[in-house]
Amino acid sequence: MRPLTATIDLSALRHNFLRAKAYAPNAKHIAVVKANGYGHGLINAARGLQAADMFAVLRIEEAVQLREAGFLHPILLLEGVFEMAELHEAAQLGLHLVVHDEQQLQMLESTYLKRSISVFLKLNSGMNRLGFKPDRYFDAVQRIAKIKYVHGIVTMTHFATADDERGIASQFVQFETTTAPFSYPKSMANSAAIIRYPQAHADYVRPGIMLYGSSPFADVSAKALHLKPVMQLASKLIGVQALSAGESVGYGQTFVADKPMRVGVVACGYADGYPRHAGTGTPVAVDGVITRTLGRVSMDMLCADITDIPEAEAGSHVELWGEYVSVDAVAASAGTIGYELLCALAPRVPIFMIE
Ligand SMILES: *Cc1c(COP(=O)(O)O)cnc(C)c1O
């Protein structure tokens, strides 16, 4: 068997969930398990996050999978339904729906559902992606409240800059002002706002990335936040090359040795979800020693500098990210964020779960 595997540590998921709870002890926690549980496997993620009050997914199929696996938690569809048939299916499944625009609102107004549903009505507080603009929100709430089969309303918004130095200030004020006439429960905070802005915790928080042990911030590590990595992407060296000074490695010969070097060839490439943009110098651990990648990442392989790890040989253990190398460090080296790498884990990588 090809040695590349992803191992999902459920105890780390449980630990990170408790961290989220510690940050926002008075809120209900909607654990976000969209995108196949941020790449960890939807059901694996849900198992590790059983203590959550609710789950949030994007596609109705994911909600069906959770139900089929026996999870009875309330489930929120983060973008609501995409067509009328889904509205009826969602009601059958007892799902909670985001309603973010006029079309979705009209869908709800123009039908009758036997089972009552609950709605998270989204305010566009400045992200300008989804949600009703503030001047349309009052009217939208009134219309939703009139629909007989809607039995619960939560007001919600999503922050554009909770993770950087600009913070949530103007969006928070916009949300508070716009929802002031109502006494419905509120939901605002993603991971970044859970950690930095207790004033935005309100009734329901929506942690995602922090649960998977990656930091929502560019300038604070997951370790500093006491989050534990959940996914370990690990492989082995499948070959070793000795380079003389002047010899190069990989496509494009972008890395040229300036002295005699040893290079370990790792069974992991961009077809596995490892970022091709990660250039020479990206951290990688061989036999538990942190070293660097060399040259271009290819489809099925990448190369690691083992010049200073004399005991490394074909078969040596390699960690691409996990315990020794944070996914955020690899992401930074590739000019992206941990979220993208975790979600992009390719289906050909087998996922194992440990309790
Ligand atoms: C994905 C998502 C979240 C989770 O965000 P993180 O930054 O991963 O914590 C929360 N709310 C909404 C609406 C989302 O789409």
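Look above for the structure.
Since this is a predicted model, take the numbers as computed values, not measurements.

(A) Spotlight on the pairing of strand β14 (residues 283-286). Of the two faces of β14, both are covered, the one formed by P283 and A285 as well as the one formed by V284 and V286. Taken together, the 4 bridges between β14 and strand β15 (residues 289-294) define a ladder with antiparallel strand orientation. Across the sheet, V284 pairs through a bridge with T291, a residue of β15. In textbook terms, the turn of a hairpin is the stretch between consecutive antiparallel strands, and for β14 and β15 this stretch comprises 2 residues, one of which, D287, has a positive phi near 50°.

(B) Focus on helix α7 (residues 134-146). Along α7, the positions that sit buried rather than exposed are Y137, A140, V141, R143 and I144. The secondary structure elements touched by the buried residues of α7 are β5 (96-99), α6 (102-109), β6 (117-122), β7 (150-156) and α8 (169-179).

(C) Here's a closer look at the environment of Q232. Among the structural elements, Q232 can be located in strand β10 (residues 231-243). Residue Q232 is classed as partly exposed on the basis of its relative accessible area, which comes to 21%. Taking the C-alpha atoms as reference points, Q232 and E319, 87 residues apart in sequence, are found 7.2 Å from one another. Excluding residues that lie within four positions of it along the chain, Q232 makes contacts with T5, A6, T7, H317, E319, W321 and G322.

(D) Quick peek at the nonpolar core. If you look at the biggest cluster of nonpolar residues, it comprises 113 residues, and the most contacted ones within it are L108, I117, I144 and L320. In terms of residue count, helix α1 (residues 10-23) provides more of this core than any other element does, 5 residues in total. Look past the residues within four positions of L108 in its chain and what remains in contact with it is L87, V99, I117, V119, I144, I147, Y149 and V150. Counting residues in hydrophobic clusters, the runner-up holds 9 residues, among them L243, V263, V265 and L294.

(E) Seen up close, the site of the ligand. Taken together, V32, K34, Y38, L78, H158, N190, S191, R206, P207, G208, I209 and Y339 make up all the residues around the ligand. Here a nitrogen atom of the ligand and a side-chain polar atom of R206 are 2.9 Å apart. Here an oxygen atom of the ligand and a backbone polar atom of G208 are 2.9 Å apart. Here the ligand has 390 Å² of accessible area as a free molecule, and 92% of this is covered by the chains. Looking at side-chain class alone, the shell around the ligand contains 6 nonpolar, 4 polar and 2 charged residues.

(F) Region of interest: the pattern of salt bridges. In the structure shown here, the tally under the stated rule is 14 salt bridges. The salt bridge involving E176 is made with K186; its shortest N-O contact spans 3.2 Å. Of the two residues, E176 sits in helix α8 while K186 sits in strand β8 (residues 186-187), which places them 10 residues apart along the sequence. The buried category is assigned to K186, whose relative accessible area is 18%. In this structure, D219 engages R196 in a salt bridge whose closest nitrogen and oxygen atoms are separated by 3.6 Å. Taken together, the residues span a long stretch of sequence, with D219 in the loop between β9 (204-205) and β10 and R196 in helix α9 (residues 191-196) at a distance of 23 residues. Three or more residues are tied together by salt bridges with common partners; here these are E102, E109, R136, D139 and R143.

(G) Summary view of helix α5 (residues 84-92). Residues of α5 that are buried: E86, L87, A90 and A91. Along the axis of α5, the buried positions cluster into a sector of 140°, meaning they face one direction only. When the buried face of α5 is taken as reference, the exposed residues oriented beyond 90 degrees from it are A85 and Q92. For α5, the secondary structure elements touched by its buried residues are α4 (60-68), β4 (75-77), β5, α6 and β6. Just beyond α5, the residue with positive phi is G94, at close to 70°.

(H) Representation of the pairing of β5. Judged by which residues are buried, β5 turns out to be covered on both faces: H96 and V98 on one side and L97 and V99 on the other are all buried. In this structure, β4 lies alongside β5, joined through 2 bridges in parallel fashion. Directly across from L77, in β5, lies its bridge partner L97. One crossover worth recording links β4 to the parallel β5 by way of α5, and it is right-handed. Pairing analysis gives 4 bridges linking β5 to β6, with the strands arranged parallel. Bridge pairing in β6 places H96 opposite S118. Handedness of the crossover is the feature at issue here: the chain leaves β5, passes through α6, returns alongside β6, and the resulting connection is right-handed.

(I) Empty space enclosed by the protein, seen in detail. All told, the structure shown has 1 cavity of 30 Å³ or more when counted by the stated rule. What the largest cavity holds in volume is close to 40 Å³. Along its surface, the largest cavity is lined by K122, L123, N124, S125, M127, R129, L130, T157 and H158. The residue makeup of the lining of the largest cavity, split by class, is 3 nonpolar, 4 polar and 2 charged.

Conventions and cut-offs
All chains use their own residue numbering, which begins from 1 and follows the written sequence. Two thresholds apply to this predicted model, a pLDDT of at least 70 for residue-level local features and 80 or more for giving and counting side-chain atom pairs, whereas whole-chain, interface and lining totals are computed over all residues. With hydrogens and water excluded, all non-hydrogen atoms of the structure serve as input to the side-chain values. Think of it in three bands: residues with accessible area under 20% of the maximum for their type are buried, residues over 50% are exposed, and the middle band is partly exposed, with areas taken using a 1.4 Å probe on protein chains only. To qualify as a helix, a DSSP run of H or I must reach at least 4 residues; to qualify as a strand, a run of E must reach at least 2; elements of each kind are numbered from the N terminus. A pair of strands is treated as paired once DSSP finds two or more bridges between them. We call two residues in contact when some of their heavy atoms are within 4.5 Å. Definition of nonpolar core: a set of buried residues of the types Ala, Val, Leu, Ile, Met, Phe, Trp, Tyr and Cys, connected through side-chain atoms within 4.5 Å. Each residue is tested against the molecule or strand, and it is near if at least one of its non-hydrogen atoms lies within 4 Å. Pairs of N or O atoms are called polar contacts if they sit within 3.5 Å, as long as, within protein, a hydrogen donor faces a hydrogen acceptor (for residues adjacent in sequence, only side-chain-to-side-chain pairs). Working definition of accessibility: Shrake-Rupley area with a 1.4 Å probe, residue cover restricted to the visible protein chains. Amino acids are sorted into nonpolar (Ala, Val, Leu, Ile, Met, Phe, Trp, Tyr, Cys and Pro), charged (Asp, Glu, Lys and Arg) and polar (every other residue, Gly among them). Any carboxyl oxygen of Asp or Glu within 4 Å of a side-chain nitrogen of Lys or Arg constitutes a salt bridge here. Taken from the helix axis, the directions to the C-beta atoms give the arc we talk about. Crossover handedness is defined by viewing with both strands directed away from the observer: a clockwise path from the first strand over the helix to the second marks the crossover as right-handed. A cavity, in this analysis, means grid points on a 1 Å lattice covering only the protein atoms where a 1.4 Å probe fits yet has no way out; a pocket is instead an open set bounded by protein on both sides within 12 Å along at least five of seven lines, and a residue lines either one if it has an atom within 4 Å of a point. Grid points are joined across faces, edges and corners, and a volume is the space filled by probe spheres set on the points.

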